[in-house]
Amino acid sequence: MIAAAAGRPKDAWRHVRLLFLAFLALWILFTVFPLYFMTITAFKTAAETNLTVPTFWPGDWQPRNFVGVFAEKTNFSALVDSFIIATANTALALFLGSLAGYAFARFPRQAGGENLAFWILSNRMFPPVAILVPMFFLFDSTPWGTDSHLSLILLYLVFNLPLATWLMMVFFRDAPVEIEEAAYLDGWTPLRAFAKVTLPLVLPGMISVAMLCWIFAWNEYLFANLFVGSAVRTYTIVIPTFTHGSQTLWNLQMAFSLIAMVPPVTLFILLRRYMVRGLSLGVVKG
Amino acid sequence: MARLEVDEICKGWDFPVIDELSFSVDEGEFFVIVGASGIGKTTLLRLISGLETPDAGRVIIGGADQTKLPPYKRRIAMTFESYALYPHLSVHENIASPLRARKVPAKERDRRVKEVARLLKIDHLLNRRPGEVSGGQKQRTALGRTLVADPEIFLLDEPISHLDAKIRHELRTQFHTLEDLRKVATVYVTHDYSEALSLGDRIGVMGAGGKLEQVGAPRDLFERPANLTVAEHLGQPTINVIGARLQSEDGTLFLRADSGELKFPVGKSNRALLERHGKEKITVGLRPQFIKPIEEAEDGAEPLTAEIDVFEPLGATGIMIANAGGVRLTALTNPEKHFEPGQTVTLAVDVDRFHFFDADSGVNLDRLN
Amino acid sequence: MSQVSLREVNKIYGEGAGRVHAVQDLNLEIGDGEFVALLGPSGCGKTSTLRMIVGLETITSGDIFFDGRNISRLEPQDRNVAMAFETYALYPNFTVEENLAFPLEVRGVVEATRRSKVREIAEILRISDILGSHPSELSGGQQQRVSLGRALIREPSVFILDEVMSHLDAHLKFRMLFDLKRLHRELKRTMVYVTHDQVEALALADRVAVMSNARMQQVGDRNTLYNRPANVFVADFIGEPPTNFFRARVVADDSRLTLAVEDSDLVLVPDEGTAAALKRSEPKSVIAGIRPQNLNLSDKPVALNARVAINEYLGERSMLTVYNGSIRFRALAPPETRISRGEAVRLGYDPANVMVFDPETELLIS
C-alpha cells in the first residue's frame, strides 16, 4: 500500500504540495498578525490606540514609547527580577532534574521505577490554580516569606522539576550506557566519566530543557501576581499596570511586552541549533 | 601484566546466567570463549572487568583479589560488541581517552596514540569522528583505545563478528601479529568457532547453564570434543549426529542407525572403546569433512549409496546433503564438481574418524572410561 | 511462471550537483523458474534495481519485461511480484495462520481456499506445528519463514528476497539456506535473491549477477565467477578466503613467459592460453591473482616459495598466511598441517588457476 503511493506520478504530488503551502500561509497569518499588531501598537500614540476603527499603520510614529516605559524606574528592575528568578530556577531545575533523571535512567530499580518517574511527571499536569492558595500560606510561613526571589525560585520548581526530570531521563536513556562503561574501563571515575562522556552527549537535550524551564519561569503570571509585588516584582505583573486613570496605555504596554520578548527570542535564536537536535530524541546514537 | 583467575564465579538475575564458572588465563595467553549468542559470554566479561558484581566467587588478577574493586581502579581494557566509541570525540581523542584518564602528559599521549594508530592503519583518520568512519575502522579505533591503555588484562567482546568477511580476515591476521595483545592475558569472546580455533591458545566452550563445557587447545576441542554440545558447536556444517545401536554379527561389530537401514562396521581403533562402554545405544558423530563422494569404492573407506537432497557450492567447499538408507548425511565436497538433487552418489565414510557419545548424557565415551 | 528481462535500465536520482547515477545501462535476463542472486557491496545499485523490478521506484530510462510484456509503467500491485524483506514485518496481534492468510483475505479469497492454501504453504515451510502461535512466541528463524510464507502465498510470478538472512546467526542462516533452496525446487518459481553476502549468493542461486558502481560486472554460475572472473573486482569480491593479488612484471623470452612479482622473488607461471594472450597484448606489467585454495602444500611442478607468518587451525582446514619479501599472501592446507612461524614452505599450484588482469582496465586477460 505504501508501494502504491511511492509509485504514483509526480503530478499528483504537486496538488498536495500546493494545498500544503496554502495551509501554511493561513497558519502564518494566524500567528504573525497578532505580533504585527502588537508591534505597530507599540509605536502609536495613546490617542491612536483608542480609535474605534483601528489603524493598521501608525499615523504618528512614537519610538519614544520604548524610552517612556522606563520612566518608572521599577519597570526596569522588574525585568531584572524576572531574569534572576527565571535563571536561578532554571539552574536549580536542571541540576536536580539531571541527577534525578540520571538515576531513573541508569538505576530504574533502585530509583523507584517507571511508576515513580511517571508520578513525578504527573505533578506537572494538575491545574496550577488548584494549589495557588495552599502554596501561598505554605510560603508565607517560611522565614523569607512570599515576597522574595527565593519564594518564586522554589515555587517554580514545582512545575519545572518534573519536566526537567522526565526529559533528562529520556535523554540519559538514549545515551548508551556502554559508552559510560567504556570510560570506566579507560580509568575515569564515575563522576569524571559523567562529565567527560555522558554530559556532552546529553548537552543538546539539556539546553532545550533549560529553554523550556526558563521560558516558563520568565512568563509565569498567576503565582507571581499573588506572591510578590513590593520587594520583588516580575515583569509579568508590571504589564497590567500601564494605566492612566481608568485608561489602559496600550502603546506603553505593548512596547514593554516587546522589550520583554527580547531575552527569550534572543536565547532561542542563539541556541536553536541545540534545540532542534535536543528535541529530536535519539540524536546521540551512532 | 598479570595472570587472570576466575574462581567459581556466579551471576544471575531471574535465573542463573553464570554458574560456578572457573578458569584461568596465563600472562601472554590468548584465551577464547566460544558459545551461542545470548548464552552469557558478555556477562562473563563484564564480571571480569568489574562492570557487574558477581553474586559469588572471585576474580583474581595478578594474585590480588579484585572482586570488589570498581572497574576504573582495575587495569583492564575491554572492547564492546557495539564498539562504544565516544561519538562526540575524534578518533584521536577516543584512543587517547585511557591515557588522559591516567593523566599522561599531552606530548607522550600524542606519541602513543599515533603509534597505535599507525599499527592499526587508522593514522589518516585521527581527526574524524566515529560517525564518519566505516565499521572496520570503528573496530580498529575501539581496538586502539584498548591497546594504548597498556593494561594487565585484555577483554575482547565479539570484536570482528559484525564486519564483512574480507575485513574479518584482515583483522584476524592482525590479532595474530599484534605483539601488545600477545604479551598479556587476553580473553576473547565469540560465537564463531573458526575465530576461536584460529586465535585461541586455549578455548573454553560455553554451553547453556552458564558453565564451560570443555577447556582445551583448538585441536583437542575439534578432534576430541568432550560431549555432543561441544562437537555440535564447533564446525560448519554441523557434525552429523546419528542415533545408533551396537550389534554383533559373526563376531564383527556393527552400528545400525535407528532411523533406517544404514549400517557401519566399527573401526579397529574404536572397538575396544565401545566394548568397554557396554551399552547398546550409542550416539555417533561424524564430521562432514570425513564423508566424500567418490567415483568408485576405495580401500579403507566404507562406501555408501545415497541420494542427493541438496547440493550447494560455496566458496572453498561445497556442501552436499544426501539420504543414505533413511539417514541424512552432510558431506563436504569439491565445489567445482556439480551435483543435482535426486542424483545417486557413492559416499566414502572414514569409519576411524567417528566420535562416540553416550546416548543419554551426550558425553564422549573417551571421557567415561 | 515468468521470465524477467531488464534492458538498458538506468536510474538517476536528483539533478545537478546532487545527481546520482544509481543504476547504469543494466541488462539482465532471468529465465522462467530460475533462481538468480543479485550480489554486490552496499551502494552498488542492487537495491535500486530490485525496487525498479518491484515497481517501488520509477525507471529513468530502459524497460523491464515480464514474459515479454513491458511492465515498466505498471503499478506494483499490477505486476504480480512478491517481496520478502529483511525485517519480518509480521502482524503481532495475529496468529501465524492469520498472518499467512492475510494477503488472501485482502484479495477476497473465500475461507475454505484460504485454509487449504495456508496448510499447503505451511507444509512446505515446515511451520505447520506453529500455526496457532503468535509471532512473539517464535524464534528468529521461524518468524523469517512465516514472513516468507506470507509473501509466497499469493503465488506471485516473480518472488524477490531482499537480504532476508543478514541478521540471522550463522547456524540458523545455514539451515535457512537449505530451506530456501528446497523451497525453490518445490515451487519452481522465478526468484531473485538480493544480498551482499557472496556465500549466500553462491550457495542458493543458479546464476549470480555481480554488481558494483551502478554497473553489472558479470553474470554467471559459481565456477565461471571463480575461475574466469571478468575483472579484478569480481575476482576480489567473490572468494572466501579472499583472493591473493600481486603486481607483477611480464618476463618473456623465446621459450616461456613468466610473471615476476614485485617486491619479492616470487615467480608465477600462467597457463599457455593466458601466456599467448599476454604475448599478443604485450603489457609491461599486470595484476596477477591466485586463490588461497589453489595454493597447496604439494609437489606440483610449479610452486611459490615462502615462509609461514601464521598457521591458523580452522578445524576443517588450516589457513597459512605466508610471506616472501614484503609480499604477504594466503594458502589453504589440510588441518593436520603442523608448520610453525618462520618455516619455509613450497606452495604448488596449477598454472590454469593463475588469473591475469590488465593493470589499467583491470579486465581479465585470456
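Owing to the predicted nature of the structure, the values given are computational and were not obtained by experimental measurement. (Residues numbered from 1 in each chain as written. Chains lettered and ligands numbered in written order. Predicted model: local features only at pLDDT ≥ 70, side-chain atom pairs only at ≥ 80, totals over all residues. Heavy atoms only, no water.)

## Describing the overall build of chain C
Our working definition: Numbering of helices and strands runs from the N terminus, with a helix taken as a DSSP run of H or I at least four residues long and a strand as a DSSP run of E at least two residues long. Buried residues are those whose accessible area, probed at 1.4 Å on protein chains only, stays under 20% of the maximum for their type, while exposed residues exceed 50% and partly exposed ones sit between those limits. Note on contacts: a residue pair is in contact if any heavy atoms of the two residues lie within 4.5 Å. Only four residue types enter the charge count, namely Lys and Arg as positive and Asp and Glu as negative; His and the chain termini do not. We put the charge of a Lys on NZ, of an Arg on CZ, of an Asp on CG and of a Glu on CD.
A tally of regular secondary structure across chain C gives nine helices and 20 strands. On the principal axes, the C-alpha backbone points of chain C span a range of 80 × 50 × 35 Å. Counting every position in chain C, which comprises 366 residues, the buried fraction comes to 55%. Across chain C, the fraction of contacts at a sequence separation of at least 24, relative to all contacts at a separation of at least 6, is 66%. Taking the average location of the 43 positive side-chain charges in chain C and that of its 49 negative ones, the two points are 1 Å from each other.

## Quick look at the environment of Ile 290 of chain C
All names here are of chain C. With respect to the helices and strands, Ile 290 occurs in strand 14 (residues 285-290). Along the backbone, Ile 290 and Arg 73 are 217 residues apart, and their C-alpha atoms lie at a distance of 45 Å. Setting aside residues up to four positions removed in sequence, Ile 290 forms contacts with Thr 243, Asn 244, Phe 246, Leu 295, Tyr 349, Asn 353, Val 354 and Met 355.

## Structural notes on the sheet that holds strand 2 (residues 16-25) of chain B
Sheet strands associate in pairs through backbone hydrogen bonding, adopting either a parallel or an antiparallel arrangement. Residues and elements named next belong to chain B. Here is the rule: Strands are treated as partners if at least two bridges between them are detected by DSSP.
Spatial ordering of the open sheet is given by 2-1-4-5, a layout of four strands whose pairing is antiparallel. Looking along the sheet, the strands with just one partner apiece sit at the ends: strand 2 and strand 5 (64-65). Sheet analysis places strand 1 (residues 4-12) next to strand 4 (residues 56-61), joined by five bridges and oriented antiparallel. Its bridge partner being in strand 4, Glu 5 is matched across the sheet by Ile 60.

## Quick word on the interface of chain B and chain A
Much of the literature gives interface size as the accessible area that the parts lose upon coming together. Our working rule: Defined here as a combined quantity, buried area equals the accessible surface (1.4 Å probe) lost by two parts on assembly, summed across both. Should a side-chain nitrogen of Lys or Arg be within 4 Å of a carboxyl oxygen of Asp or Glu, the pair is scored as a salt bridge. We define a polar contact as two N or O atoms separated by no more than 3.5 Å, with the added condition that, inside protein, one atom must be a possible hydrogen donor and the other a possible acceptor, whereas residues neighbouring each other in sequence contribute only through side-chain atom pairs. Each residue gets one of three labels, nonpolar for Ala, Val, Leu, Ile, Met, Phe, Trp, Tyr, Cys and Pro, charged for Asp, Glu, Lys and Arg, and polar for the others, Gly among them.
Tallying the contact residues gives 23 residues for chain B and 19 residues for chain A. Together, the buried faces of chain B and chain A total about 1900 Å²; carbon and sulfur atoms form 59% of this surface. Of all residues in chain B, Tyr 72, Tyr 86 and His 88 of chain B bury the most surface against chain A, accounting for 29% of the area lost on that side. Joining chain B to chain A, the criterion identifies one salt bridge. A salt bridge links Glu 181 of chain A to Arg 46 of chain B, with the shortest nitrogen-to-oxygen separation between them at 2.6 Å. Our count for the contact surface shared by chain B and chain A stands at seven residue pairs in polar contact (both at pLDDT 80 or more). It is helix 2 (residues 91-101) of chain B that contributes the most residues to the side of chain B that touches chain A, four residues altogether. Each residue belonging to the side of chain B that touches chain A can be placed in one class, and the counts come to twelve nonpolar, five polar and six charged.

## Some thoughts on the packing of helix 2 of chain B against helix 3 (residues 106-119) of chain B
Each pair of packed helices gets described by two things: the angle between the helix axes and the distance between those axes. Residues and elements named next belong to chain B. Stated formally: The axes used here are C-alpha line fits, helices contributing only the stretch in contact, and every angle between their N-to-C directions lies in the interval 0 to 180 degrees. Angles below 35 degrees are treated as roughly parallel, those above 145 as roughly antiparallel, those between 65 and 115 as roughly perpendicular, and all remaining angles as oblique. Note on convention: near helix rotated counterclockwise from far helix by under a right angle means a left-handed crossing. Clockwise means right-handed.
Between helix 2 and helix 3, the least distance of the axes is 9 Å, while the angle of their chain directions is 125°. In terms of their interaxial angle, helix 2 and helix 3 are classed as oblique. You can see that helix 2 and helix 3 cross each other, and the crossing is right-handed. For the pair helix 2 and helix 3, contact is made by His 92, Ile 95, Ala 96, Leu 99 and Arg 100 and by Arg 109, Asp 110, Arg 112 and Val 113, respectively.

## A few points about the packing of aromatic side chains
Our working definition: Here a pair means two rings of Phe, Tyr or Trp (six-membered ring of Trp) with centres within 6.5 Å. Their orientation is stacked below 30 degrees between planes, edge-to-face above 60, and tilted elsewhere. When the NZ atom of lysine or the CZ atom of arginine is within 6 Å of a ring's centre and also within 35 degrees of its normal, the charge is said to sit over that ring.
Counting across every chain of the model gives 40 aromatic pairs over all chains. An angle of 85° between the planes, with centres 5.8 Å apart, marks the rings of Phe 136 of chain A and Phe 227 of chain A as edge-to-face. Placement of the pair is Phe 136 of chain A in helix 7 (residues 132-140) and Phe 227 of chain A in helix 11 (residues 222-227), with a sequence separation of 91 residues. Ring centres of Tyr 91 of chain C and Phe 102 of chain C lie 4.9 Å apart, and the angle between their planes is 65°; on these two criteria the pair is classed as edge-to-face. Residue Tyr 91 of chain C is located in the loop between strand 6 (81-84) and helix 2 (96-106), and its partner Phe 102 of chain C is located in helix 2; the two are separated by eleven residues in the primary sequence. A network of ring pairs unites the aromatic residues Phe 70, Phe 76, Phe 83, Trp 214, Trp 218, Tyr 235, Phe 242 and Phe 256 of chain A as a single cluster. Positioned above the aromatic ring of Phe 65 of chain C is the side chain of Arg 7 of chain C, whose terminal nitrogen or guanidinium carbon lies 4.5 Å from the ring centre.

## A closer look at the pairing of strand 8 (residues 185-190) of chain B
All names here are of chain B. Within strand 8, six of the six residues are buried, which leaves the element mostly enclosed by the surrounding structure. Burial along strand 8 is two-sided: the face carrying Ala 185, Val 187 and Val 189 and the face carrying Thr 186, Tyr 188 and Thr 190 are both buried. Across five bridges, strand 3 (residues 30-34) lies against strand 8 in parallel orientation. When the sheet's bridge partners are listed, Val 34 is paired in strand 8 with Thr 190. Note that strand 7 (residues 153-157) and strand 8 share five bridges and pair parallel.

## Thoughts on the sheet that holds strand 4 (residues 61-66) of chain C
Residues and elements named next belong to chain C. Taking strand neighbours across the sheet as the criterion, the four strands line up as 2-1-4-5 in an open arrangement whose pairing is antiparallel. Strands at the two margins of the open sheet, each flanked by one partner only, are strand 2 (20-30) and strand 5 (69-70). Pairing geometry for strand 1 (residues 4-13) and strand 4, over five bridges, is antiparallel. Directly across from Ser 5, in strand 4, lies its bridge partner Phe 65. The strands touched by helix 1 (residues 46-54) are strand 1, strand 2 and strand 4; relative to strand 1, the strand with the most contacts, the crossing angle is about 115°.

## Considering the confidence of the model for chain B
A low pLDDT score tells you not to read the predicted coordinates there in detail. For clarity, the threshold we go by: Each residue carries a pLDDT value, the predictor's own confidence for that position, ranging from 0 to 100.
Per-residue pLDDT for chain B has a mean of 89; in total, 98% of the residues score no lower than 70. For chain B, the element scoring lowest by mean pLDDT is helix 6 (residues 179-182) of chain B, at 82; strand 3 of chain B scores highest, at 96.

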